[in-house]
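Listed here are the chains, written in short residue letters.
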Amino acid sequence: VKILKAKKPRFFIAENVKGILSANNKKAFPMIIEQFEAAGYLIKYQLLNTSDYGVPQKRERVIIVGFRYKKDYKKFEFPLPITHNEKVALKSVIDENANKEEKWYFSDKAVKGMLLVQSKMNKGRVQNLNEPCNTISSHLSKVSLNSTDPVLLINNRYRRFTPLECSRIQSFPNDFIFSSVSEGKQYKAIGNAVPPVFMWHIANSLQKLL
């Protein structure tokens, strides 16, 4: 809001998790909208799923778009889904080479420990390769079989996603460089990101107003 008041851009895009709509007994979101409006913007918002826009991930996010001018506000429309009925499958971004590397697999001890607590995997952890992946987060470097983070089941063995696979799930191109930081920091950066292909569709809808 401070930036909007100072810079007064023609329009802006804000993004947040689905839970923002129900936060603080549904009182938080209207307050956020009021602050944007007080800064001089007309607001449109919508809950969108990235899997509807060519991203191999079921990631629901609230997209807020603000407009300084009524003519832009009236003309803008959120992009229509392009893959609503034909999702991009997780298997299209899996690194087959990673299936051969032991470092990505959970140890037998970890699996046995999980099975002592519960008889089967639940909470949707193991991903269906023929569907988009569940939402990936910034702490995938510390993923465990006792969390709700998505994992893979390859040849009856559980393994975590590699940074490259997470990057692809977020729709980054293969040649995108996350610099020479540690794997943990790569996971964090990738998990916190807005999928670029998804955001391209939002930005393209705004570009039509220019």
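Here's what I pulled together on the structure shown here. (Residues numbered from 1 in each chain as written. Predicted model: local features only at pLDDT ≥ 70, side-chain atom pairs only at ≥ 80, totals over all residues. Heavy atoms only, no water.)

1. Things to note about the pattern of salt bridges
So the rule is basically this: One side-chain nitrogen of Lys or Arg within 4 Å of one carboxyl oxygen of Asp or Glu is enough to make a salt bridge. We count a stretch as a helix when DSSP gives it H or I for four or more residues in a row; a strand needs E for two or more, and each element gets its number in order from the N terminus. Exposed residues in this analysis have more than 50% of their type's maximum accessible area, buried residues have under 20%, and partly exposed residues fall in between, with area computed by a 1.4 Å probe over protein chains only.
Within the structure shown, the criterion is met by 8 salt bridges. Here Lys103 ties to Glu183 by a salt bridge, and the two come within 3.2 Å at their closest N and O atoms. Here Lys103, found in the loop between helix H4 (70–75) and helix H5 (108–117), pairs with Glu183, found in helix H7 (residues 183–192); they are 80 residues apart in sequence, far enough to count as distant. Of the residues examined, Glu183 reaches a relative accessible area of 33% and is grouped as partly exposed.

2. Considering the nonpolar core
Definition in use: Here the nonpolar core consists of buried residues drawn from Ala, Val, Leu, Ile, Met, Phe, Trp, Tyr and Cys, with membership extended through side-chain atoms lying within 4.5 Å. Contacts are residue-level and defined by heavy atoms, with any inter-residue pair within 4.5 Å sufficient.
One finds Leu90, Phe106, Ile136, Leu145, Phe161, Cys166 and Ile169 to be the most contacted residues of the largest nonpolar core, which totals 26 residues. Counting residues per element, the ones that place at least two in this core are H5, strand S6 (152–154), helix H6 (163–169) and H7. Residues contacting Ile169, with those up to four places away along its chain left out, are Val55, Pro56, Gln57, Leu90, Val93, Cys133, Ile136 and Phe161. Listed in part, the 13 residues of the second largest apolar core include Tyr53, Val55, Phe198 and Leu209.

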